[in-house]
Amino acid sequence: MNYSRLIKEIVFKEIITNLSNLRFAIGSLLIILTSVVAVLITSLNYQEELNDYHQSLKSQDEAIAKYAHLNRIWSFVNPIVPPSDFSPIVQLRRADSSDSMFEDNGISSLISTLDLILITGILLSLLAILFSYDSVSGEREDGTLKLVLSNHLPRPLLLTGKWIGGTLTIWAPYLIMLFVVAILLLMNPTIQWDESHWLSFLLIGVAGLIYLSLFYLVGMLCSILSRNSGTSILISLFIWVVFVLVIPNTSPFLAAQLIEVPSVFKIEKETRRITGIERDNIIRSNSKAVIRQYDDRYNIHAEEILRLSQEDQKRLITQTPELDGIIRKLRSELNNIVTEANKHQDKIAESLSENLRLRSIQQTKLSTQIASLSPYASFLFITTNLSDNGLNKAGNENRQSEAYTNILSEYLQKKKEEAQKADATFNENSYIDLKDKPRFIYQPETISDRIKNTTSYWGILIIFNGVLLLVSFIAFNRYDIR
Amino acid sequence: MSLVQSRFIIILIFVSVVIATGFFSMYRDYIKRMENYEILTPGKEDAIALIKPASSSILVKGVDESICRPFSITFLGIDAGSGQQSINWLFSLFQTPDLLFIISTVLSLCALFFSYDLVSREREEGTFKYIMANSVSRTTVITAKLLGAFICFIVPVVITMAIGIAIIAQMPQVLFTETDYWGIFLLFSSTIIYLFIFFSIGLLMSVLMKRSVSSLILSLFIWTVLVFVIPQLTQSISKNLAGAPSVAQSELKQNLSWASIVFERINGINGSQRDIQDEWEQLSMEFTRGQEERCSRLSKSMFASPTGIFTLLAPNLMRVGLSQEKSAKNAVWQYYKSVKSAPTNSDGMLVGNLPRFSFDRNQQVTIDSQSASMALIGLLLYLIVPLTLSFYFFSKYDFR
């Protein structure tokens with residue numbers, strides 16, 4: 001007997017049955033409509049975010065042009081991260097800021113926003129179960145299963161056909177949805193995607209295909225294991241609830257029980273003290289000692305001179321030119337004291353926050369592992385990582401900000417030396433021209449890194465698929481078709 | 001009838017397990033937050049406003065995480081410390097498994113499971129013909145079926161929830177006041193109404209559809225739209241329409257503002273008319289206005305689905321909602337006003353003999369009764385629609 005022809009026929013029949021079903025029509029319509037509306041709204045949001053970003057850049061530049069000075073320089077040059085290019089399809093899952101603003105309320109933690117990932121992860125997976133919960137039990141109830149198997153048809157072949165046909169039908173609305181979304185993205189002039197973006201989009205699409213086939217298998221397995229469709233759908237929906245709603249949501253809370261993290265605020269407070277008051281005290285006492293030395297050595301009142309305004313200092317220097325060298329030397333020594341104190345205190349503060357950081361990483365890792373027991377979470381990890389909106393985003397941003405800060409520090413040091421050379425009275429509070437400062441440019445993780453980060457989750461999804469398929473085959477082989 | 005089904009047992013066990021898991025997670029979370037609160041409780045010299053976590057947040061967390069952030073008062077204004085959840089990204093990736101989540105998603109789904117075949121199954125089994133052959137009016141039949149099945153569903157749910165709450169109330173560190181119990185009572189009442197809505201939707205589908213399976217599928221579609229699609233879409237829309245500056249931009253503006261004022265002062269520009277705290281207050285109020293506009297728009301548009309209404313109602317009843325956050329912040333603001341002119345140390349922190357921040361959540365935070373009653377009315381309206389439609393279509397129902 002020609003098996004390949006047989007399987008083709010079974011697949012074909014399965015597709016036709018599903019397509020002619022009411023649930024297919026309603027489900028597909030619902031999914032496609034929802035995704036169009038969702039993507040239109042998130043694209044508008046993206047535009048807003050972009051405007052907001054440019055607005056921020058502008059106000060920063062204006063302030064720098066007018067007020068830049070070394071003492072409070074980090075309030076002016078804080079790097080600003082642009083909105084993610086992917087936010088029209090994958091919304092950033094993080095509070096707007098890291099909660100550090102008084103006025104920010106918790107509104108975004110109450111309800112999440114709808115994006116393509118939620119539509120696939122929740123709505124389409126539910127639809128997949130609705131397609132498959134009666135794929136076997138339904139045929140048994142109708143009595144057609146007996147008829148089919150009374151021919152020379154091996155059971156694995158029938159199941160394979162059913163599986164392929166069913167999976168193709170759930171893939172159909174998903175692929176249509178992706179297609180429509182891709183057109184919407186292409187038509188939107190604010191969204192400028194290059195090849196790497198589209199590659200991510202494609203991979204997100206593939207992840208969705210594997211994810212949906214998994215839920216189709218859940219429904220199919222339940223329909224094999226339970227005698228009637230009513231029980232089958234109840235059990236598959238319970239599994240769905242556990243996978244999609246229960247496991248992911250409890251995972252961070254469970255991990256927080258197992259791995260304790262010291263109080264964030266306490267460490268912030270401690271750090272502020274160490275790098276603030278304590279540092280200032282050290283600087284003050286060390287500077288006093290140096291100033292006293294200068295007073296004794298040159299017989300001047302260095303402290304009073306330094307306290308004079310820039311104009312008065314200039315006048316003083318023109319009156320007694322030898323002061324110029326002395327002040328320069330004193331300033332550079334005082335600068336060294338500040339740098340040394342900063343270095344020293346920063347080191348202490350760093351060791352403090354290092355513990356917090358390690359603990360947080362451990363906790364996040366554990367909760368990710370617990371959550372990976374649910375395919376929904378794995379799917380989320382894949383898609384958010386691929387779109388550079390995931391677990392690594394915050395760390396990546398921090399790393400780049402730090403790198404930028406280092407570059408900028410060097411630049412500022414150079415600027416300061418130049419300014420001091422030109423003008424002995426130049427100090428930390430004088431205006432400094434930063435028009436040619438290096439700009440912060442956020443680099444998303446490279447596509448290959450992003451893919452690398454998701455490998456384990458792909459593995460989980462595929463293993464889930466394999467196990468479910470295997471169990472289905474075993475169960476169906478022993479299935480009592482009466 | 002319902003009691004002997006296997007479905008009844010399965011759902012009951014499932015619901016109990018989910019509620020137990022949720023309560024356990026939330027209780028432990030509360031204990032953690034209490035520990036943190038104890039550690040952070042400000043000393044005499046600190047100008048920090050810190051609010052104690054509410055016991056009722058074990059049931060519904062709402063925005064309690066945001067309310068209980070430590071607010072330090074500095075010469076720059078009010079600075080909020082990071083919440084403890086900021087360290088683990090997964091907290092913001094997934095929803096909190098509290099009672100609100102369990103009721104609004106899991107239990108509403110279970111309610112559908114109980115009612116989707118109330119009518120269609122009896123037709124399928126042919127028992128309806130026998131019932132209707134007696135001289136019982138159709139209204140009586142459907143009312144009896146509806147109430148009987150709903151009681152079978154809701155009584156175990158309410159009992160499980162009540163047992164959970166009773167156990168939690170006995171735990172150390174948990175203190176429910178009279179107002180809390182009043183809130184819990186209202187929460188139970190609104191839960192019953194909310195679940196009854198989904199129960200009636202299931203009933204309506206079972207009247208409209210000839211087969212139980214189609215009835216279940218349609219109910220599930222409606223459930224998805226009401227529970228996920230509409231509330232989340234309204235959230236996206238409200239985010240877009242607000243047009244207010246983002247958190248990041250406001251933070252930037254505040255930073256630029258104080259640093260430029262200090263610069264002007266040191267270098268004697270503009271006669272130094274600008275005041276750091278005044279400008280911060282202005283920026284802060286401007287931003288708050290935008291946020292509030294967004295909140296009020298969101299609260300209105302949440303009426304588009306019962307789940308939206310319930311999502312805002314439950315935190316309000318547990319006094320951890322948006323309006324409670326507003327009153328808590330008002331208190332912090334008052335405190336800021338009272339200490340803002342104190343001298344500062346080189347760290348920017350206020351020092352000296354400062355009054356302590358005192359805030360009694362039980363006295364000062366109340367249920368926003370106006371929006372609560374609006375929400376209850378909204379839920380009742382949502383209940384009436386599927387209920388009347390079911391009765392109407394059942395009166396024309398064809399038993400064959």
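From a predicted model like this one, the values you see are computed outputs, not experimental measurements.

### Regarding the overall build of chain B
Here's step 1: Counting secondary structure elements, chain B contains 15 helices and three strands.
Here's step 2: In terms of overall dimensions, chain B has a C-alpha envelope of 95 × 45 × 35 Å along the principal axes.
Here's step 3: Taking the contacts inside chain B whose residues are at least 6 apart along the sequence as the reference set, 79% of them involve residues at least 24 apart.
Here's step 4: Summing over all exposed atoms, chain B offers an accessible surface of approximately 15,900 Å²; the carbon and sulfur share of this is 62%.
Here's step 5: Across chain B, the 32 positively charged side chains and the 29 negatively charged ones have centroids separated by 10 Å.

### Observations concerning the domain arrangement of chain A
Residues and elements named next belong to chain A.
Here's step 1: Along its sequence, chain A is organised into domain 1 (3-99 + 109-256 + 451-477) and domain 2 (264-396).
Here's step 2: The C-alpha-based centres of domain 1 and domain 2 are spaced at 45 Å.
Here's step 3: Facing the 37 residues of domain 1 at the interface are 25 residues of domain 2.
Here's step 4: Carbon and sulfur atoms make up 76% of the area that domain 1 and domain 2 hide from each other, which totals about 2,700 Å².

### Examining the interface of chain A and chain B
Here's step 1: Each side of the interface is counted separately: chain A has 104 residues, and chain B has 107 residues.
Here's step 2: Interface area, chain A with chain B, both sides summed: about 9,500 Å², of which 69% is carbon and sulfur.
Here's step 3: Area buried by chain A at its contact with chain B is led by F102, L110 and F253 of chain A, which between them contribute 9% of it.
Here's step 4: We note a salt bridge from E260 of chain A to K32 of chain B, for which the minimum N-O separation is 3.6 Å.
Here's step 5: At the junction of chain A and chain B, the tally comes to 13 residue pairs in polar contact (both at pLDDT 80 or more).
Here's step 6: When residues of the side of chain A that touches chain B are traced back to their parent elements, those giving at least two are α2 (22-67), α3 (73-76), α4 (107-110), α5 (116-132), α10 (229-258), α11 (264-298), α14 (322-371) and α15 (375-386) of chain A.
Here's step 7: The element best represented in the side of chain A that touches chain B is α2 of chain A, accounting for 19 residues.
Here's step 8: Tallied by class, the residues present in the side of chain A that touches chain B amount to 49 nonpolar, 36 polar and 19 charged.

### Topic: a nonpolar patch on the surface
Here's step 1: On the surface, L147, I151, V155, I159, I163, I167 and M171 of chain B cluster together into a nonpolar patch covering about 590 Å² of accessible area.
Here's step 2: Classification of I167 of chain B as partly exposed rests on a relative accessible area of 47%.

### Overview of the packing of aromatic side chains
All names here are of chain A.
Here's step 1: Here the structure, examined in full by the defined rule, presents 41 aromatic pairs over all chains.
Here's step 2: Measuring from centroid to centroid gives 5.3 Å for Y404 and F440, while their planes differ by 65 degrees, and the two rings are edge-to-face. Of this pair, Y404 sits in helix α16 (residues 391-422) while F440 sits in the loop between α16 and α17 (447-477), and the two are 36 residues apart along the sequence. Accessibility assignment for this pair places Y404 and F440 in one class, buried.

### Some points on the packing of α2 of chain A against helix α8 (residues 155-187) of chain A
Packed helices, taken two at a time, are described by the angle between their axes plus the distance between the axes.
All names here are of chain A.
Here's step 1: α8 packs onto α2 with a crossing angle of 25 degrees between their chain directions and a minimal axis gap of 10 Å. When the interaxial angle is binned, α2 and α8 end up roughly parallel. Regarding α2 and α8, the two cross each other, and that crossing is right-handed. On α8, the residues that touch F24, S28, I31, I32, S35, V36, V39 and L40 of α2 are T169, P173, I176, M177, V180, V181, L184 and L185.
Here's step 2: For the contact of α2 with α8, the class distribution of residues is 13 nonpolar, three polar and no charged.

### Looking at the nonpolar core
Soluble globular proteins tend to pack their nonpolar side chains together in the buried interior.
Here's step 1: Counting 183 residues, the largest nonpolar core has I89, F215 and W240 of chain A together with F153, F198, F199 and W223 of chain B as its most contacted members.
Here's step 2: At 16 residues, the largest contribution of residues to this core is made by helix α9 (residues 195-225) of chain A.
Here's step 3: Taken together, domain 1 (3-99 + 109-256 + 451-477) and domain 2 (264-396) of chain A each give at least three residues to this core, which thus spans both.

### Section: the packing of α14 of chain A against α16 of chain A
All names here are of chain A.
Here's step 1: Relative to each other, α14 and α16 sit at 175 degrees, their axes nearing to 14 Å. The angle between α14 and α16 falls in the class roughly antiparallel. Contacts between α14 and α16 pair R328, N335, T364 and T368 from the former with L391, K416, Q420 and K421 from the latter.
Here's step 2: Of the residues that constitute the contact of α14 with α16, the class distribution is one nonpolar, four polar and three charged.

### Some details on the sheet that holds strand β2 (residues 71-74) of chain B
All names here are of chain B.
Here's step 1: Reading across the sheet, the three strands line up as β1-β2-β3 and stay open at both edges, with antiparallel pairing between neighbours. Each edge of the sheet is formed by a strand with only one pairing partner; in this case those strands are β1 (48-49) and β3 (77-80).
Here's step 2: Where β1 meets β2, two bridges bridge the pair, whose relative direction is antiparallel. Opposite A49, over in β2, you have F71 as the bridge partner.
Here's step 3: The sheet contacts of helix α13 (residues 322-339) involve β1, β2 and β3, and relative to β2 the element is tilted by about 25 degrees.

### Focus on unusual backbone geometry
All names here are of chain B.
Here's step 1: Phi is positive for Q173, close to 75 degrees, though the residue is something other than glycine.
Here's step 2: Here Q173 shows up in the loop between α7 (138-170) and α8 (178-208).
Here's step 3: Of note, R319 is a non-glycine position whose phi angle comes to about 55 degrees, a positive value.

### Let's talk about the environment of S43 of chain A
Residues and elements named next belong to chain A.
Here's step 1: Structurally, S43 can be placed in helix α2.
Here's step 2: Look at S43 and you get buried, because its relative accessible area is 7%.
Here's step 3: Taking the C-alpha atoms as reference points, S43 and T190, 147 residues apart in sequence, are found 8.6 Å from one another.
Here's step 4: With sequence-adjacent residues up to four places away left out, S43 is seen in contact with P88, N188 and I191.

About the criteria used
Residues numbered from 1 in each chain as written. Chains lettered and ligands numbered in written order. Predicted model: local features only at pLDDT ≥ 70, side-chain atom pairs only at ≥ 80, totals over all residues. Heavy atoms only, no water. Helix = DSSP H or I, 4+ residues; strand = E, 2+ residues; numbered from the N terminus. Contact = heavy atoms within 4.5 Å. Areas by Shrake-Rupley, 256 points an atom, 1.4 Å probe, with all protein chains shown as cover. Lys, Arg positive; Asp, Glu negative; His and termini not counted. Charge placed at Lys NZ, Arg CZ, Asp CG, Glu CD. Domains from an automatic or database assignment. Buried area = accessible area lost by both parts, 1.4 Å probe. Salt bridge = Lys/Arg side-chain N within 4 Å of Asp/Glu carboxyl O. Polar contact = N/O pair within 3.5 Å; in protein donor to acceptor, adjacent residues only side chain to side chain. Nonpolar A, V, L, I, M, F, W, Y, C, P; charged D, E, K, R; others polar. Patch = residues over 30% accessible without salt bridge, like charges linked within 9 Å, V, L, I, M, F, W, Y side chains within 5 Å. Buried < 20%, exposed > 50% of the residue type's maximum accessible area, 1.4 Å probe, protein only. Phe/Tyr/Trp six-rings, centres within 6.5 Å; stacked < 30°, edge-to-face > 60°. Axes fitted to C-alpha atoms, helices over the stretch in contact; angles between N-to-C directions. Parallel < 35°, antiparallel > 145°, perpendicular 65-115°, else oblique. Left-handed = near helix turned anticlockwise from the far one by under 90°. Core = buried A, V, L, I, M, F, W, Y, C linked by side-chain atoms within 4.5 Å. Pairing = 2+ DSSP bridges.

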